[in-house]
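One letter stands for each residue in the lines below.
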There are 4 protein chains.
Amino acid sequence: MSLYTQLKQKAFEANMQLPKLGLVLFTFGNVSAADREAGVFAIKPSGVPYDELSPDKMVIVDFDGNTIEGEMRPSSDTKTHAVLYKHWPKIGGIVHTHSTFATAWAQSQRCIPIFGTTHADHLTADIPCAPPMSDDMIQGDYEYQTGFQIMDHFKELGLSYEEVEMILVGNHAPFTWGKTAEKAVYNSAVLENVAHMAYLTQQINANAPRLKDALIKKHFERKHGPASYYGQS
Amino acid sequence: MSLYTQLKQKAFEANMQLPKLGLVLFTFGNVSAADREAGVFAIKPSGVPYDELSPDKMVIVDFDGNTIEGEMRPSSDTKTHAVLYKHWPKIGGIVHTHSTFATAWAQSQRCIPIFGTTHADHLTADIPCAPPMSDDMIQGDYEYQTGFQIMDHFKELGLSYEEVEMILVGNHAPFTWGKTAEKAVYNSAVLENVAHMAYLTQQINANAPRLKDALIKKHFERKHGPASYYGQS
Amino acid sequence: MSLYTQLKQKAFEANMQLPKLGLVLFTFGNVSAADREAGVFAIKPSGVPYDELSPDKMVIVDFDGNTIEGEMRPSSDTKTHAVLYKHWPKIGGIVHTHSTFATAWAQSQRCIPIFGTTHADHLTADIPCAPPMSDDMIQGDYEYQTGFQIMDHFKELGLSYEEVEMILVGNHAPFTWGKTAEKAVYNSAVLENVAHMAYLTQQINANAPRLKDALIKKHFERKHGPASYYGQS
Amino acid sequence: MSLYTQLKQKAFEANMQLPKLGLVLFTFGNVSAADREAGVFAIKPSGVPYDELSPDKMVIVDFDGNTIEGEMRPSSDTKTHAVLYKHWPKIGGIVHTHSTFATAWAQSQRCIPIFGTTHADHLTADIPCAPPMSDDMIQGDYEYQTGFQIMDHFKELGLSYEEVEMILVGNHAPFTWGKTAEKAVYNSAVLENVAHMAYLTQQINANAPRLKDALIKKHFERKHGPASYYGQS
């Protein structure tokens, strides 16, 4: 009997949300769920189709990227997850997808401007797009370096990973995270929706202005501020 | 036993149409249904996923925004609904969504030009887009002021809320209404469809002309005029 | 017992294909099926949602637009159908929809250029777009005149209704037809697909050339020529 | 009892994936599966709707295009399949579709630039677009010549059919292939996804740069190189 039965179940359920939300084709995505006390996370095995997944196939990995339990090879993006868990202590879940609109923005090497309240309901900044990595980083330990590329870009922009729970990696695709795997999946779906609407907004009006500061503040705070009044308390 | 069982049922059913019509992601939308005699409306509770909704979770609110019955907190947009019910005496249902194409037009701060008969079958004007509110209004009682922003823009354009049952709030998203909640939901779906086709029309022909007056009049009147001949009498 | 049971069944089944093929929202479309010997056609009743349709609700109308049998009011577009049946003796079915991409081209007042073999598999001409009608025609017997507008545009372009089984009516939406109602529905779906791909083609390459004549001829003839070899003989 | 029962079953199953993956409208596509030892392939019969297909309806054809077994006429594209099997000895399956985004690129006569890692996970080159054929080739044995047009374009660009398993035929539509029919179908879905994202990428940023060489190499090799670490070994 595994010590990690519940964690695997949680990671399995979060992974199975990706095809339901239309965020993945074939195996192009993965979710992990962390257990902070145990210092490990459960992640999707590499290249396994979603309809062949089961909780017991999840792989348990520590925050240095070592496999602790599991018969299958973990997702090829495992080291990126490990780096983020190790350095960002308050996240409990990470998602990587190649969802269509978010990936198109990443390929365009453009951050997604904050055009409306749907965006501001979730974060107050443009959705950042990290530049493609240097050739050295790519030829080295690529997935490990991808984690640092993400963190370095947050430092450069002065962003907090607790406030901005998503990023585009230039030429590649999005990563999202959150306090739980479930929240990280939610963030991936929100990102895809915001990316779609921002795309249309620029097509309709190439000079569409960013959302004004007062609205950014209002919408974010009504959902997340100390006096928030969205949802059930 | 609630006095408002039927009203809650009506609001519940109308809310459940939103995901079926593809108009909402997660909880990004809400419908209310009014009982004019009782001076109240039933509205979706805030932040509750559609698959967890049930008629008894609907919240009963009066036209000043006070909760009359219900254990849950009402939608964060409740005050906007209340203001519109209070000042527009002939509406029985209101819908707010962040549907993709309508929201993109709102984010673009553009009204939707009347390009064809699908539009004219439902209204004879461009679909109005209210400008973003002033900082004062935003920092004040935001959702309450949103209602006034909508009404003021109708006054400014000389529009009748009985003839034009929809608006885009700039940088935010659409509101629609109607004699019943069911009609208001119908209007939200029509708006999204018209917004999609208007988007494509401008992409195909940046100089596409507005529909000529004779066609606007003809199509609207065959559905809504005194000698209408659309549908079953 | 109706003389027209089979005809109503045929029209019913063809109408029910429209929502399955994603060509209609709510009641925005109609199909008719003709019985040439009896000199009548069966058509959808006006404004009835597809999930409330049944074969016995179909209305029987003659080629002058007079209702012969049926308790409901026929589609508001009935006279357009009648005119086309009367003047084009070899068609057995007609479809009108407001399908998204075809309607966007109609609103743009642009014919759809023949860009590829998917188009050429079905017709050798650009898909014509009739200009909006004159104010006189609109204010007169509008749906009746729509039929003449379609036929006049075919005459002006020298097109044969047996070879080109579809048209866009400018600012309005598409009509398609065929030897049977089933074929007319097929043509509506093909038109929507061709309209979607032509839209994308022009977005990708604003100078995309029309298909060369040799390919137009080849693809059309392998499906429809005397030595056709597509399908089962 | 047919010698080819298993081969027909394989071709049938692969064909049935096309509508499930959203790659075909009506009958606009076909898959074949080859048996290299027997020197034959099984292919979809021409013009038969997917919901009327069954394994026994598959047609057995040799690599010169002669029907070996089967009561129905094989796909009109059969000779293109035959030519490719005859000259490219390591492919075991071929797919032809008119999938929306890939076909739009083909109609635009543009190759699909490699913009991101989703593309590089599968091939290191731009997705080639063969020019439309000469009038002579079209008027001759058209489908046979289509096979040569594909092979000639690969020679001209110096591409290997084992590394690049897809092509657009200008003004027409895509062909994909692979070691098995299942892999060829997978490639068609990947191509459609990559074509969609490349379209959006260029709309968002008309000057979006191609993916840098180091990333192309890295992503391809982690899936396909000698030290690949994607999937289960």
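All values derive from a computational prediction rather than experimental measurement.

A. Just the interface of chain A and chain B, in detail. Of the residues lining the interface, 36 residues belong to chain A; the matching set on chain B comes to 36 residues. Each partner contributes to the roughly 3100 Å² buried at the junction of chain A and chain B, and carbon and sulfur atoms together form 55% of this total. By the criterion of area lost to chain B, the three top residues of chain A are Ile204(A), Tyr230(A) and Gln232(A), representing 20% of everything that side buries. On inspection of chain A and its partner chain B, the count reaches 3 salt bridges.

B. Summary view of the relation of the copies chain A and chain B. Mapping chain A onto chain B calls for a screw motion: a turn of 90° about the axis and a shift of 0.0 Å along it, with 0.0 Å RMSD after fitting. The transformation just described matches what one would write down for a four-fold rotation axis. Proximity to the rotation axis, assessed at the C-alpha, singles out Gln203(A) in chain A; its C-alpha lies 5.7 Å from the axis. Interface residue correspondence from chain A to chain B reaches only 6%, placing this contact among heterologous pairings that use different surfaces.

C. Just the pattern of salt bridges, in detail. Under the definition given, this model contains 33 salt bridges over all chains. Taking the shortest distance from any N to any O, the salt bridge between Lys183(B) and Glu165(B) comes out at 2.9 Å. A residue pair is termed long-range when its members are at least 10 positions apart, and Lys183(B) in helix H7 (residues 181-204) and Glu165(B) in the loop between helix H6 (142-157) and strand S7 (166-169) qualify at 18 residues. What makes Lys183(B) partly exposed here is its relative accessible area of 31%. For Glu165(B), a relative accessible area of 14% corresponds to the buried category. Across the pair Glu143(D) and Arg222(C) runs a salt bridge, and its minimum N-O distance is 2.5 Å. Placement of Glu143(D) in helix H6 (residues 142-157) and of Arg222(C) in helix H8 (residues 213-224) is noted, with the two residues assigned to different chains. Overall, Glu143(D) belongs to the buried group, its relative accessible area being 4%. Since its relative accessible area comes to 4%, Arg222(C) is described here as buried. In the salt-bridge network here, residues are joined through shared partners; they are Asp77(A), Glu143(A) and Arg222(D).

D. Molecular detail of the pairing of strand S5 (residues 93-97) of chain A. Residue and element names in this part refer to chain A. The element S5 is extensively covered by neighbouring structure, given that 5 of its 5 residues are classed as buried. Here S5 shows no split at all, with Gly93, Val95 and Thr97 on one side and Ile94 and His96 on the other all buried. Relative to S5, strand S1 (residues 29-35) runs antiparallel, the two being bridged by 5 bridges. Its bridge partner being in S5, Ser32 is matched across the sheet by Ile94. Alignment of S5 against strand S8 (residues 174-178), held across 4 bridges, turns out to be antiparallel. Across the sheet, residue His96 finds its bridge partner in S8, namely Phe175.

E. Layout of the state of the cysteines. Residues and elements named next belong to chain A. Under the defined criterion, the tally for this structure stands at 0 disulfides over all chains. The thiol of Cys111 is not disulfide-bonded; the next cysteine sulfur, from Cys129, is found 7.5 Å away. For Cys111, a relative accessible area of 34% translates into the label partly exposed.

F. A look at the packing of aromatic side chains. Using the criterion set out here, one finds 44 aromatic pairs over all chains in the structure. Measuring from ring centre to ring centre gives 6.3 Å for Phe41(C) and Phe63(C), while their planes differ by 20°; the resulting arrangement is stacked. Linking Phe41(C) in strand S2 (residues 40-43) with Phe63(C) in the loop between strand S3 (59-62) and strand S4 (67-69), this pair joins segments that are 22 residues apart in sequence. The same class applies to Phe41(C) as to Phe63(C), namely buried. Here the aromatic residues Trp88(A), Phe154(A), Tyr161(A) and Trp177(A) are joined through ring pairs into a cluster of three or more. For the cation-ring pair, Lys44(A) lies above Tyr50(A), with the distance from its terminal atom to the ring centre recorded as 5.0 Å. For Lys223(D), the ring lying beneath its charged end belongs to Tyr230(D), and the centroid distance is 4.3 Å.

About the thresholds
- Residues numbered from 1 in each chain as written.
- Chains lettered and ligands numbered in written order.
- Predicted model: local features only at pLDDT ≥ 70, side-chain atom pairs only at ≥ 80, totals over all residues.
- Heavy atoms only, no water.
- Contact = heavy atoms within 4.5 Å.
- Buried area = accessible area lost by both parts, 1.4 Å probe.
- Salt bridge = Lys/Arg side-chain N within 4 Å of Asp/Glu carboxyl O.
- Least-squares fit on C-alpha atoms with pLDDT ≥ 70 in both.
- Helix = DSSP H or I, 4+ residues; strand = E, 2+ residues; numbered from the N terminus.
- Buried < 20%, exposed > 50% of the residue type's maximum accessible area, 1.4 Å probe, protein only.
- Pairing = 2+ DSSP bridges.
- Disulfide = S-S within 2.5 Å.
- Phe/Tyr/Trp six-rings, centres within 6.5 Å; stacked < 30°, edge-to-face > 60°.
- Lys NZ or Arg CZ within 6 Å of the ring centre and 35° of its normal.

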